[in-house]
Amino acid sequence: QRQKQFYNSEFRLCDADGSGLVERSELSQLLRKFGHEPMRHVLDEVISEFDKDGGGTLCVDEFEEIMDVLRRREGFSLKEYGGFMEAFRRYDR
């Protein structure tokens, strides 16, 4: 719960125009605050994966989902993470 509150407060600080949404540049800045240095292709994939309305912006709920997923994937895109996991499963016998 505290982590969610922290995400929410940082999200609002990065929401420069007060719209309740963050754009790509704001998201990149926000992710850096949490120790992620997003590569362009990962950022593009994450936005397309979680931007439910397709507007190119993210609300706070979508941002919280992104943070959870990036933590689990250790900052990699879905495709990259899937490749790593497949290789691990293949050779971990």
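Everything below is about the structure shown above.
Residues numbered from 1 in each chain as written. Predicted model: local features only at pLDDT ≥ 70, side-chain atom pairs only at ≥ 80, totals over all residues. Heavy atoms only, no water.

A. Broad picture of the overall build of the protein. A tally of helices and strands in the protein yields 5 helices and 0 strands. Principal-axis analysis of the C-alpha atoms gives the protein an extent of 50 × 30 × 20 Å. Counting the 93 residues in the protein, one finds 33% classified as buried. At a minimum sequence separation of 6, the contacts of the protein that also span at least 24 residues come to 53%. About 6,200 Å² of surface is accessible on the protein, with carbon and sulfur atoms providing 52% of the total. With 15 positive and 20 negative side-chain charges, the protein shows a separation of 6 Å between the mean positions of the two kinds. (Helix = DSSP H or I, 4+ residues; strand = E, 2+ residues; numbered from the N terminus. Buried < 20%, exposed > 50% of the residue type's maximum accessible area, 1.4 Å probe, protein only. Contact = heavy atoms within 4.5 Å. Areas by Shrake-Rupley, 256 points an atom, 1.4 Å probe, with all protein chains shown as cover. Lys, Arg positive; Asp, Glu negative; His and termini not counted. Charge placed at Lys NZ, Arg CZ, Asp CG, Glu CD.)

B. Region of interest: the packing of helix α3 (residues 40–50) against helix α4 (residues 60–73). It is at 10 Å that the axes of α3 and α4 come closest, and there the two elements cross at 130°. By the angle between their directions, the pair α3 and α4 is classed as oblique. Handedness of the α3/α4 crossing: right-handed. Contact residues: Val42, Glu45, Val46, Glu49 and Phe50 in α3; Glu62, Glu65, Ile66, Val69, Leu70 and Arg73 in α4. Split by residue class, the contact of α3 with α4 holds 6 nonpolar, no polar and 5 charged. (Axes fitted to C-alpha atoms, helices over the stretch in contact; angles between N-to-C directions. Parallel < 35°, antiparallel > 145°, perpendicular 65-115°, else oblique. Left-handed = near helix turned anticlockwise from the far one by under 90°. Nonpolar A, V, L, I, M, F, W, Y, C, P; charged D, E, K, R; others polar.)

C. Representation of the environment of His36 in the model. You can see His36 is positioned in the loop between α2 (24–33) and α3. With a relative accessible area of 19%, His36 lands in the buried category. Counting along the chain gives 22 residues from His36 to Cys14, while the straight-line C-alpha distance between them is 15 Å.

D. Focus on the packing of aromatic side chains. Enumeration according to the criterion identifies 5 aromatic pairs in this entry. Between the aromatic rings of Tyr7 and Phe34, the centroid separation amounts to 5.0 Å while the plane-to-plane angle is 80°, which identifies the pairing as edge-to-face. With Tyr7 in helix α1 (residues 2–14) and Phe34 in the loop between α2 and α3, the pair connects residues that are 27 residues apart, well separated along the chain. Ring centres 5.8 Å apart and planes at 80° place the aromatic pair Tyr7 and Phe63 in the edge-to-face group. Placement of the pair is Tyr7 in helix α1 and Phe63 in helix α4, with a sequence separation of 56 residues. Just as Tyr7 is buried, Phe63 falls in that class too. Feature note: the residues Phe6, Tyr7, Phe11, Phe34 and Phe63 constitute an aromatic cluster, connected by ring pairs. (Phe/Tyr/Trp six-rings, centres within 6.5 Å; stacked < 30°, edge-to-face > 60°.)

E. Main features of the packing of α2 against α4. At their nearest, the axes of α2 and α4 sit 12 Å apart, and the two run at 50° to each other. Between α2 and α4, the angle falls in the class oblique. Considering only the axes of α2 and α4, their crossing is right-handed. Here α2 contributes Leu27, Leu30 and Leu31 to the contact with α4, which in turn contributes Phe63, Ile66, Met67 and Leu70. Of the residues contributing to the contact of α2 with α4, the split by class is 7 nonpolar, no polar and no charged.

All quantities given are derived from atomic positions and should not be read as evidence of function.
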